[in-house]
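# Structure at a glance
Take a look at the letters that make up each chain.
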Amino acid sequence: SAAASAAATARGRGCFVGAGLMVADARLRAKASAGSASSGSRAARKAAPQPARKAAGRGRRRLAPAAVRGAAAGTGALLVAASACWALYGAREYQAKYDPFSVAPVFGYSKLRELPHDVQAFTQGLVFQRDEARDVLWESSGGFSNSELRKVDLETGEVLRRTPVAGMFAEGIAIHENKLYQLSWRSRYGLLYDLRTLEVIRRWSYSGEGWGLAFVSKQYAVDPRRDCFYMSNGTDRIHVLDAETLEEVTRVHVMDGNRSIPLLNELQMVRGELWANIWGSGYVARIDARTGRVNSWVNFMGLLTAEHMQPHPGHRLDVFNGIAFDDRGRGRVFVTGKRWPRLFEVEVNESAPVASSILPSKPFFLDEATVKRIHASMNF
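Residues numbered from 1 in each chain as written. Predicted model: local features only at pLDDT ≥ 70, side-chain atom pairs only at ≥ 80, totals over all residues. Heavy atoms only, no water.

## Brief notes about the packing of aromatic side chains
For clarity, the threshold we go by: Aromatic rings from Phe, Tyr and Trp, with only the six-membered ring used for Trp, were paired whenever their centres fell within 6.5 Å, and each pair was classed as stacked if the ring planes differed by under 30 degrees, edge-to-face if by over 60, and tilted otherwise. Only DSSP runs of H or I with at least four residues qualify as helices, and only runs of E with at least two residues qualify as strands; both kinds are numbered from the N terminus onward. For the exposure calls, accessible area comes from a 1.4 Å probe over protein chains only, and a residue counts as buried if that area is under 20% of its type's maximum, exposed if over 50%, partly exposed in between. Think of it as a cone above the ring: NZ of Lys or CZ of Arg counts as a charge over the ring if it is within 6 Å of the ring centre and within 35 degrees of the ring normal.
Under the counting rule described, the total for this entry stands at 15 aromatic pairs. Between Phe128 and Phe334, the ring centres sit 6.2 Å apart and the planes meet at 10°, which makes this aromatic pair stacked. Of the two residues, Phe128 is situated in strand E2 (residues 123-131) and Phe334 in strand E21 (residues 332-337); the sequence distance between them amounts to 206 residues. The class for Phe334 is buried, based on a relative accessible area of 0%. The interplanar angle of 70° and the centroid separation of 6.2 Å between the aromatic rings of Tyr181 and Trp204 together place this pair among those described as edge-to-face. In this pair, Tyr181 sits in strand E7 (residues 179-184) while Trp204 sits in strand E9 (residues 200-205), placing the two residues 23 residues apart along the sequence. Each of the two residues, Tyr181 as well as Trp204, counts as buried. Among the aromatic residues, those joined into a cluster by ring pairs are Tyr109, Phe300, Phe320, Trp340 and Phe344. One residue, Arg203, lies across the ring of Tyr189, its end atom 3.6 Å from the ring centre.

As structure tokens, then:
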């Protein structure tokens, strides 16, 4: 805590001040001893004949090394005390500042259901909605010339409606008050749709790239006075936009312990936590939306298996991406990936973590061949 850190700092400073006082005392004692001996020798020299005075002068010159030895002893005491203070407090604070460590536990998952998913959908954003008598997913499918906004039947995977998105590589989406918000990757603007007609009613601009998007109510947002959208761009910083004006109001730095978490991608609020898929991996960070602290991780590796791909020989899979949440009742979580043939309803196994932290694993580039291919294709 901040209080504990301040106390440790104060103890460390006190330790160094104490060491300084020890040295000062040692130096004063050495100086006093040298001064007393020197004063006595001066009186003796005055009463002594000339040859004795010369000898006393040689003795006086021998007092200087004694004073130096006293000062050296004091300096040695300072070094010993400083070393002790460093061992007790300094090293701990240095480690907290510079040595990467992870404190959030890692949980596993259970597959509850498997549902069909279009293998041609390059999933960039996924949102659940209860529409009339059926459950649907809104899906943003990206591409340089074939981006789409899709309305998909949850149970069958049938595409009920598709709207081409021209002029941009479609990215994350979010729904708020019967409006759908969609990001672009590098075009630096987003589109606002009327959810009933899918008519574009507004276009807004933002800086940098757009990756994931999630609506965060004021109950959980960094600014408790306003509803917000949280927008990722592949870094360790989440841009926070005012839900009404879509102007950026602040940023949230995502960290696990003292380790910054980069490659934040798909975003979704799930039971009051911000879930963020880490691009190029099967890990999802569960984040405190107000502070940016990672509460825990979920490792979704092994979700898609070779058996799932047998009906699709030669198909080019892509990375894990897409999180949707049905907030009715206790809630349901759905996840998938780009060009995956399955959508999964999953549940986090909260009973016991599978690991105490993500270290020393490689959560960000588990499938290095896929990541290299994607980097090459996108000119990273």
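## So, the sheet that holds strand E13 (residues 248-253)
In any sheet, the strands associate via hydrogen bonds between backbone groups, in a parallel or an antiparallel arrangement. What counts here: Any two strands are treated as partners once DSSP identifies two or more bridges connecting them. Every angle, taken between N-to-C directions, lies between 0 and 180 degrees, and every axis is a line fitted to C-alpha atoms, over only the stretch in contact when it is a helix.
Spatially, the four strands line up as an open sheet ordered E10-E11-E12-E13, and their pairing is antiparallel. Of all strands in the sheet, those bounded by a partner on one side alone are strand E10 (213-216) and E13. Within the sheet, the average angular offset between the axes of one strand and its neighbour, ignoring direction, is 25°. When strand E11 (residues 228-231) meets strand E12 (residues 237-242), the two strands line up antiparallel, connected through four bridges. Each residue of the ladder has a partner; that of Tyr230, found in E12, is Val240.

## Quick look at unusual backbone geometry
Of note, Leu198 is a non-glycine position whose phi angle comes to about 60°, a positive value. Along the chain, Leu198 falls in the loop between strand E8 (189-194) and E9. With a phi close to 60°, Leu263 is a non-glycine residue in the positive phi region. Tracing the backbone shows Leu263 in the loop between strand E15 (259-260) and strand E16 (264-270).

## Topic: the nonpolar core
Inclusion rule: Residue types Ala, Val, Leu, Ile, Met, Phe, Trp, Tyr and Cys, when buried and joined through side-chain atoms within 4.5 Å, form a set referred to as a nonpolar core.
One finds Tyr230, Leu264, Leu274, Ile278, Ile287, Val294 and Trp297 to be the most contacted residues of the largest nonpolar core, which totals 32 residues. Elements with a minimum of two residues in this core: E10, E11, E12, E16, strand E17 (273-278), strand E18 (283-287) and strand E19 (294-299). Tyr109, Val298, Leu304 and Phe325 belong to the second-largest nonpolar core, a separate cluster that totals 19 residues.

## Let's talk about the pattern of salt bridges
It is possible for side chains of opposite charge to pair when their charged atoms get near one another. Using the following cut-off: Salt bridges are defined as contacts in which a side-chain nitrogen from Lys or Arg sits within 4 Å of a carboxyl oxygen from Asp or Glu.
Applying the stated criterion to the full structure yields 25 salt bridges. Residue Asp223 pairs with Arg226 through a salt bridge whose shortest N-O separation is 2.8 Å. Taking the relative accessible area as the measure of exposure, Asp223 reaches 11% and is therefore buried. Each of Arg130, Asp135, Asp326, Arg328 and Arg332 takes part in one network of salt bridges that share partners.

## With respect to the sheet that holds strand E6 (residues 170-176)
Strand order in the open sheet formed by four strands is E6-E7-E8-E9, with antiparallel pairing between adjacent strands. Each edge of the sheet is formed by a strand with only one pairing partner; in this case those strands are E6 and E9. Pairs of neighbouring strands in the sheet enclose a mean axial angle of 20°, with direction left out of account. The pairing of E6 with E7 spans five bridges and is antiparallel. By the bridge assignment for E7, Ile175 is matched with Leu180.

## Focus on the environment of Ile201
Which entries qualify depends on this criterion: Only heavy atoms enter the contact rule, under which two residues are in contact if any of them lie within 4.5 Å.
Position of Ile201 relative to the elements: it lies in strand E9. Take Ile201: its relative accessible area is 43%, and that puts it in the partly exposed class. Each C-alpha atom, one on Ile201 and one on Leu191, is 7.8 Å from the other, the two residues being 10 residues apart in sequence. Here Ile201 is in contact with Lys179, Leu192, Tyr193 and Asp194, once residues within four sequence places are set aside.

## A few points about the confidence of the model for the protein chain
Here is the rule: What pLDDT expresses is the predictor's confidence in each residue, scored from 0 to 100.
Considering every residue of the protein chain, the mean pLDDT works out to 80; 68% of them sit at 70 or more. Note that residues 51-63 has pLDDT below 50 and, in this model, nine contacts with residues that lie over four places away or in other chains. Note that pLDDT drops below 50 for residues 85-98; the model gives that stretch 20 contacts with residues more than four away or on any other chain.

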